[in-house]
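Coordinate analysis (summary)
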Amino acid sequence: MTALCLASAYGLDLLLGDPEWFPHPVRGFGAMIRVGEGPLRRLGAEPATELLAGAALTCSVVSVAWAIGRPRNVAWQVLLAWTALATRSLLDEARAVIRALEAGDLALARTRVARIVGRDTAHLDTTEISRAVIETLAESACDGIVAPLFWLAVGGVPFAMSYKAINTLDSTIGHPEPPYRYFGRFAARLDDAASFIPARLTALGIMSAAMFQGFDIWLRDGNKHASPNAGQSEAAMAGALGVRLGGAGSYDGHPHHAPLLNGEARKPCVRDARAAISIVAVVSGLAFGAALLVVAWRSRR
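Parameters at a glance
In every chain, residue numbers begin from 1 and rise along the written sequence. For a predicted model such as this one, the threshold for reporting local features is a pLDDT of at least 70, and the threshold for listing and counting side-chain atom pairs is 80 or more; totals across whole chains, interfaces and linings nevertheless cover every residue. Note: side-chain values were computed over all heavy atoms of the structure, leaving out hydrogens and water. In summary, the pairing rule links any two rings of Phe, Tyr or Trp, Trp by its six-membered ring, whose centres are within 6.5 Å, and it sorts them by plane angle into stacked for under 30 degrees, edge-to-face for over 60 and tilted for everything else. With a 1.4 Å probe rolled over the protein chains alone, any residue whose accessible area is under 20% of its type maximum counts as buried; one over 50% counts as exposed, and the rest are partly exposed. In this analysis an axis means a line fitted to C-alpha atoms, helices contributing only their contacting stretch, and an angle means the value between N-to-C directions, from 0 to 180 degrees. Each helix corresponds to a stretch of at least 4 residues labelled H or I by DSSP, and each strand to a stretch of at least 2 residues labelled E; elements are numbered beginning at the N terminus. By the definition adopted for this analysis, an angle is roughly parallel if under 35 degrees, roughly antiparallel if over 145, roughly perpendicular if from 65 to 115, and oblique otherwise. The contact definition used throughout considers only heavy atoms, calling two residues in contact when any of these lie within 4.5 Å. Three categories are distinguished: nonpolar for Ala, Val, Leu, Ile, Met, Phe, Trp, Tyr, Cys and Pro, charged for Asp, Glu, Lys and Arg, and polar for the others, with Gly belonging to the last. Given the number of residues in a helix, its expected span is that number minus one, multiplied by 1.5 Å. What counts as a salt bridge is simple: a side-chain nitrogen of Lys or Arg found within 4 Å of a carboxyl oxygen of Asp or Glu. The patches reported here contain residues having more than 30% relative accessible area and no salt bridge. Joining distances are 9 Å for like charges and 5 Å for nonpolar side chains (Val, Leu, Ile, Met, Phe, Trp, Tyr). Accessible surface area values rest on a Shrake-Rupley calculation with a 1.4 Å probe, where residue burial reflects the displayed protein chains alone.

1. Describing the packing of aromatic side chains
A full pass over the atoms with the stated rule returns nine aromatic pairs. Note on Trp21 and Phe22: the rings are 5.7 Å apart at their centroids and 75° apart in plane angle, and the pair reads as edge-to-face. Residue classification places Trp21 among the exposed residues on the basis of a relative accessible area of 66%. Relative to Phe183, the ring of Tyr180 lies with its centre 6.5 Å away and its plane at 50°, an arrangement referred to as tilted. The class for Tyr180 is buried, based on a relative accessible area of 17%.

2. Digging into the packing of helix 3 (residues 47-68) against helix 9 (residues 185-209)
Where helix 3 contacts helix 9, the two axes come as close as 7 Å, and the packing angle between them is 50°. With respect to each other, helix 3 and helix 9 are oriented oblique. For the pair formed by helix 3 and helix 9, the contact residues are Leu51, Ala55, Thr58, Cys59 and Val62 on the first element and Arg185, Phe186, Ala187 and Leu190 on the second. Considered class by class, the residues forming the contact of helix 3 with helix 9 number seven nonpolar, one polar and one charged.

3. A closer look at helix 5 (residues 87-102)
In this model helix 5 runs 22 Å from its N-terminal to its C-terminal C-alpha over 16 residues, within 8% of the 22 Å that 1.5 Å per residue would give. Buried residues along helix 5 sit against helix 1 (3-16), helix 6 (106-113), helix 7 (126-155) and helix 12 (270-300).

4. Comments concerning the pattern of salt bridges
Across all of its chains, the model carries 16 salt bridges by this definition. Note that Arg88 is salt-bridged to Asp92, the shortest N-O span being 2.6 Å. Residue Arg88 and its partner Asp92 are located together in helix 5, separated by four residues, close to a single helical turn. Its relative accessible area of 32% is what places Arg88 among the partly exposed residues. A salt bridge links Glu93 to Arg115; its shortest N-O distance comes to 2.6 Å. Taken as a pair, Glu93 in helix 5 and Arg115 in the loop between helix 6 and helix 7 lie far apart in primary sequence, 22 residues in all. The structure contains a network of salt bridges with shared partners spanning Arg119, Glu128, Arg131 and Glu135.

5. A short note on a nonpolar patch on the surface
The grouping of Phe196, Ile197, Leu201, Leu204, Phe212, Phe215 and Leu219 at the surface amounts to a nonpolar patch, some 620 Å² of accessible area in total. For the nonpolar patch, the elements supplying multiple residues, two or more each, are helix 9 and helix 10 (215-221). Top element by residues in the nonpolar patch is helix 9. It accounts for four residues. Residue classification places Ile197 among the partly exposed positions, given a relative accessible area of 47%.

Have a look at this one:
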């Protein structure tokens, strides 16, 4: 990965985002997971068997992702690096939700926010939609921007593709509830490890974009989640905006209560969601600049 390749990939992401017509590798990883899960499930339902089967699936998908990123063809490297990044698509999707809220079209806002969140959206009000947008922006700033740039800088396209495969595995099978409690555990722990440093860099980027407003909230609430990473960027964003995040939600009809972040603050509004977009845009620029410096430095060695 050269500085020119990285800059070209980042520029393509800002220019084109994630067009539906493009054969995105993440869709391929998802298809591999779906195809591989069935046969591996038939090996047995004992916890140890499920754990080993899930680990085998995870290692297989990540190995394919690594191999896809190995060819040194410049155009191939740029295209794959572009697909690893998600600044344009993340910000565009968030803006679409906010425009619907500002137009007073709650039904459209619910439909649009359902594209970027996993929670049930049919009964969300303006406050809860704003909260959902902010939390997704904070979390996806790591998964879709900072972490891919981090791994591109550290090890190039093979590392970035492996990270995207790990992240896809975690979102697909890395759930603590049945039927993935054991089958997806290896994928979930691998994602925890792969995202550990990027999650904290994302939070630091949010703090930098907000001139370190709410730094104490990040330090206090960043580790409230059961996951070692999930709360880092969300707590930083809660502190930066001066709003309360977390709380009650629903997933597939099942109630869920996330830890409160900056719990003594006010509830978020549409204005806060728009401010979160600006913060993530700055985080993206900072992360790209840092990654470019690392790549340039490594090229000179």
